[in-house]
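# Descriptive analysis of the structure
If you want the building blocks of each chain, they are given just below.
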Amino acid sequence: MRFLLDAEQRDFARSLDALLTAAGTPAVVRSWAAGDTEPGRALWTRLAEVGVFALAVPERYAGVGTLPVELAVAFEGLGRHAVPGPLAETVAAAALLDRLGDATTAAAWLPGIAAGKVVASLCPVSPDRPYALDADTADAVFVVEGDTLRLAEAHGPVQRSLDPARRPARPLGGTVLARGPAVAVAAAHATEVAALTTAAQALGLGRALLERTVAYARQRKQFGAAIGSFQAVKHRLADTLIALEFAQPLIHAAALALERADAGRGRDIAAAKVTACEAAYAAARTALQVHGALGYTEQLDLSLWIRKARALRTSWGTPAACRSRVLAP
């Protein structure tokens, strides 16, 4: 099946790309990693102005409706430019609050998320996931434990991450917002939204890595010839491109399945997540191989994309967990 974006979706992608290109995101990422979130919050506001976060918020709460396909388009652009912050976590929190069925809680937070005034983080607590992303920066950290939803009141020390722009911390204490089966149902939906948007981020990031690597292979010379003319390098770049191209229709199919609430959407999202993240991780490995020792230097912007590829690979579903879901009877 071939998935084609309509003209409005393509225009949205182009305008978002132009905004992020002009924003100079590498400097924003480095500031965020150092704990200076002011440039990142300013960029967050600009993203909200073009409607990125409103795509996850219903119209009755000042959004434009829950639009998974448009969200996937937006998050591919965010990944391409390595935008920092709890992006997937914010739209997942919006999805949870919308599905929870508590109009008071939804009205308290969703308009702010849509307008970019609220940076949120969502943390479904489990033994292997005790941390919330950017808990030190977020305006609201929503924690799900079993059938209980609470709003954290504090956080522990910020932990080191493979991606320095990802700042995990353990959420502490807080006010209980809801209890009961509805919390688990809403959290499951929010997890699907987070996995889908993470997959889209990974796809955009992988494409950016490939573009930068191809450009470098064309200009770097060895033995009197551009290394991009060497067969081994050509094959590696071609394999990376094929993997990324294969991931894109899976993401679009998963977005459509989520929009239609298809019964098999969980399996579709898991397939998209593992395929896109593995493709991005392969793109990062290819970038390192082609750039050589230069690719390891933190001063090179490429390192920001390489580190994020590895972090996204295990966020909101490890490769093993996603494969298990796809293969489950």
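Just above, that's the structure.
Summary of the structure given here. All residue numbers refer to positions counted from 1 along the written sequence of the respective chain. With the structure being a predicted model, the display of local features is reserved for residues of pLDDT at least 70 and the display and counting of side-chain atom pairs for 80 or more, all residues being used for whole-chain, interface and lining totals. Derived side-chain values reflect all non-hydrogen atoms in the structure, with water molecules and hydrogen atoms excluded from consideration.

## Some words on the state of the cysteines
Throughout, disulfides are identified as pairs of cysteine sulfur atoms within 2.5 Å of each other. Applying the stated rule across the entire model yields zero disulfides. Note on Cys-123: no disulfide assigned, nearest cysteine sulfur contributed by Cys-322 at a separation of 18 Å. When a residue's accessible area, from a 1.4 Å probe over protein chains only, is under 20% of the maximum for its type it is buried; when over 50% it is exposed; and in between it is partly exposed. On the accessibility criterion, Cys-123 (0% relative accessible area) is buried. No disulfide involves Cys-277; its nearest neighbouring cysteine sulfur is the one of Cys-322, lying 7.3 Å away. Look at Cys-277 and you get buried, because its relative accessible area is 2%.

## Regarding the pairing of strand β4 (residues 148–151)
Burial along β4 is two-sided: the residues Thr-148 and Arg-150 and Leu-149 and Leu-151 are all buried. Pairing between strands is defined by DSSP: at least two bridges between the two strands are required. Numbered from the N terminus, helices here are DSSP runs of H or I no shorter than four residues, and strands are runs of E no shorter than two. As judged from the four bridges shared by strand β3 (residues 140–145) and β4, these two strands associate in the antiparallel manner. Within β4, the position partnered with Phe-142 by the bridge is Leu-151. The loop that links β3 with its antiparallel partner β4 comprises two residues; one of these, Gly-146, has a positive phi angle of about 65°.

## Side note on the packing of aromatic side chains
Stacked, edge-to-face and tilted are the three classes for Phe, Tyr and Trp ring pairs, Trp counted by its six-membered ring, which pair at centre distances within 6.5 Å; planes under 30 degrees apart are stacked, over 60 edge-to-face, the rest tilted. Counted according to the given criterion, the structure contains two aromatic pairs. For the pair Trp-44 and Phe-53, a centre-to-centre distance of 4.5 Å together with 15° between the ring planes defines the contact as stacked. Judged by centre distance (5.6 Å) and plane angle (90°), the ring pair of Trp-109 and Phe-142 falls under edge-to-face. On the criterion of sequence distance, the pair formed by Trp-109 in helix α6 (residues 103–115) and Phe-142 in strand β3 is long-range, its members being 33 residues apart. Here the guanidinium or amino end of Arg-129 rests over the ring plane of Trp-316, the centre of that ring lying 4.1 Å away. Both a distance and an angle decide whether a charge sits over a ring: NZ of Lys or CZ of Arg must be within 6 Å of the ring centre and within 35 degrees of the ring normal. Here the basic side chain of Arg-313 rests over the ring of Tyr-281, its NZ or CZ set 4.3 Å away from the ring centre.

## Concerning unusual backbone geometry
One non-glycine residue, Ala-261, lies in the positive phi region at around 55°. Note on Ala-261: relative accessible area 48%, which makes it partly exposed. A positive phi is found at Trp-316, a non-glycine position, where the angle reads about 55°. Mapped onto the elements, Trp-316 comes out in the loop between α10 (302–314) and α11 (319–327).

## Looking at the pattern of salt bridges
One speaks of a salt bridge when a side-chain nitrogen belonging to Lys or Arg is within 4 Å of a carboxyl oxygen belonging to Asp or Glu. In the structure shown here, the tally under the stated rule is 14 salt bridges. With a shortest N-O distance of 3.0 Å, Arg-323 and Glu-278 are connected by a salt bridge. Taken together, the residues span a long stretch of sequence, with Arg-323 in helix α11 and Glu-278 in helix α9 (residues 265–291) at a distance of 45 residues. Overlapping salt bridges, with partners in common, bring together Glu-76, Arg-207 and Glu-245 in one network.

## A word on the nonpolar core
Nonpolar core, defined: a set of buried Ala, Val, Leu, Ile, Met, Phe, Trp, Tyr and Cys residues in which side-chain atoms within 4.5 Å join the residues together. Ranked by size, the top nonpolar core spans 98 residues in total, and within it Leu-47, Phe-53, Leu-96, Leu-122, Phe-142, Leu-209 and Ile-251 carry the most contacts. Of the residues forming this core, the biggest block, 18 residues, is contributed by helix α7 (residues 181–219). When sequence neighbours within four positions are dropped, the list of residues in contact with Leu-122 reads Glu-89, Ala-92, Ala-93, Leu-96, Arg-129, Phe-142, Val-144, Ala-190 and Trp-316. Listed in part, the eight residues of the second largest apolar core include Ala-132, Ala-138, Val-143 and Ala-169. In this description, contact between two residues means that some pair of their heavy atoms is separated by no more than 4.5 Å.

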